[in-house]
Amino acid sequence: MSSNIQIEVCCGSVDDAIEAERGGADRIELNSSLFFGGLTPSLGSLIEAKMRVNIPVMVMIRPRGGGFCYTQAEAAVMLHDAKLAVEHGADGLVFGILTEDGSIDMDRCRQIIELAEGRETVFHRAFDVTPDPLKALAQLIAIGFKRVLTSGQERSVPEGIELIKKLIAYARDRIEILPGGGIRPHNVKTVVEQTGANQVHLSAFESRIDRSVQNRPNITFGGALRPPENRYDVIDHGVIQSVSELLNR
């Protein structure tokens, strides 16, 4: 196994980014709303992350959850967000746009790649719902994406290993394949060994307590799920460190 496996950590806040770097991450994917699979982070989050960490910060450009075929207004928002992210120091952009039938929306993707001005562009796990993965990968290569994040069109990378192997073989040096989804310390070495991947994407959280809501514990501010208002998740740097040590010792 290679002694230089890159580790990208999915982060939902600046504190996540700080903890990810502390644990040995090589790169950060900065989001908001990880419950919905990751949405565009605030500009303030990007600005502060760039001030506080020294590893590359990839910025998610995704205006809403619930699919990847966007209205004209949503597509316009994505262009504004991409431009602003680049202007404020993003090292790369992460996005994925599909047509109604689940195919790659090549025209809209090209528009954002142009706004990236040479920075890395990553097609996210919208790839995992495309009807023909090898055709989709060929299109992403043709458009000029640097990398594609994928679980191998399964719920998790361990289940999608066979397709990931095929994608890596097909891609050769034309595009990077970044396995992500369900990667944990107990399976990361197996994933790398079986796929031949030279990088992985993961997250690992620990819960923290915010005591400011203790006076009225009966009040909730979320939707029907009613999550506890005194807890929030932050990247567990210890888990990231253990993954780094497993891969690169």
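Here we summarise the structure given alongside this text.

### Re a nonpolar patch on the surface
- A cluster of nonpolar residues, Leu43, Ile47, Met51 and Leu84, forms a patch on the protein surface that exposes about 340 Å² of accessible area.
- In terms of residue count, helix α2 (residues 43–52) provides more of the nonpolar patch than any other element does, three residues in total.
- Along the polypeptide, leucine 84 turns up in helix α3 (residues 72–87).

### Description of the pairing of strand β2 (residues 27–30)
- Judged by which residues are buried, β2 turns out to be covered on both faces: Arg27 and Glu29 on one side and Ile28 and Leu30 on the other are all buried.
- Taken together, the four bridges between strand β1 (residues 6–11) and β2 define a ladder with parallel strand orientation. Counted as the bridge partner of glutamate 8 is arginine 27 from β2.
- Following the backbone out of β1, through helix α1 (residues 14–22) and into the adjacent parallel β2, one traces a crossover that is right-handed.
- Pairing analysis gives three bridges linking β2 to strand β3 (residues 57–60), with the strands arranged parallel. Counted as the bridge partner of leucine 30 is valine 59 from β3.

### Side note on the packing of α1 against α2
- Where α1 contacts α2, the axes come no closer than 9 Å and their chain directions differ by 25 degrees. Considering their axes alone, α1 and α2 lie roughly parallel with respect to each other. Considering how the two elements wind past one another, α1 and α2 form a crossing that is right-handed. Contact with α1, carried on its side by Val14, Ile18 and Glu21, involves Ser45, Glu48, Ala49 and Arg52 of α2 and no other residues of that element.

### Some thoughts on the packing of aromatic side chains
- For the structure on display, the rule yields three aromatic pairs.
- On the numbers, 5.2 Å between centres and 45 degrees between planes, the contact of phenylalanine 95 with phenylalanine 145 is tilted. Of this pair, phenylalanine 95 sits in strand β4 (residues 92–95) while phenylalanine 145 sits in the loop between α5 (133–143) and β6 (147–150); the two residues are 50 residues apart in sequence, bridging distant segments of the chain.
- Residue phenylalanine 95 is classed as buried on the basis of its relative accessible area of 0%.
- Overall, phenylalanine 145 belongs to the buried group, its relative accessible area being 3%.
- With 5.4 Å between their ring centres and 85 degrees between their planes, phenylalanine 123 and phenylalanine 145 make a pair best called edge-to-face. With a gap of 22 residues between them, phenylalanine 123 in strand β5 (residues 120–123) and phenylalanine 145 in the loop between α5 and β6 connect regions that are remote in the sequence. Residues phenylalanine 123 and phenylalanine 145 agree in their burial class; the two are buried.
- Through successive ring pairs, a cluster of aromatic residues spans Phe95, Phe123 and Phe145.

### Looking at the pairing of β5
- One ladder, built from four bridges, connects β4 with β5; its direction is parallel. Looking at the pairing, valine 94 lines up with valine 122 of β5.
- Regarding topology, helix α4 (residues 106–116) serves as the crossover connection from β4 to the parallel β5, and that connection is right-handed.
- The pairing of β5 with β6 spans two bridges and is parallel. By the bridge assignment, valine 122 is partnered in β6 with arginine 147.
- Following the backbone out of β5, through α5 and into the adjacent parallel β6, one traces a crossover that is right-handed.

Criteria and cut-off values
- Residues numbered from 1 in each chain as written.
- Predicted model: local features only at pLDDT ≥ 70, side-chain atom pairs only at ≥ 80, totals over all residues.
- Heavy atoms only, no water.
- Patch = residues over 30% accessible without salt bridge, like charges linked within 9 Å, V, L, I, M, F, W, Y side chains within 5 Å.
- Areas by Shrake-Rupley, 256 points an atom, 1.4 Å probe, with all protein chains shown as cover.
- Salt bridge = Lys/Arg side-chain N within 4 Å of Asp/Glu carboxyl O.
- Helix = DSSP H or I, 4+ residues; strand = E, 2+ residues; numbered from the N terminus.
- Buried < 20%, exposed > 50% of the residue type's maximum accessible area, 1.4 Å probe, protein only.
- Pairing = 2+ DSSP bridges.
- Right-handed = clockwise from strand over helix to strand, strands pointing away.
- Axes fitted to C-alpha atoms, helices over the stretch in contact; angles between N-to-C directions.
- Parallel < 35°, antiparallel > 145°, perpendicular 65-115°, else oblique.
- Left-handed = near helix turned anticlockwise from the far one by under 90°.
- Contact = heavy atoms within 4.5 Å.
- Phe/Tyr/Trp six-rings, centres within 6.5 Å; stacked < 30°, edge-to-face > 60°.

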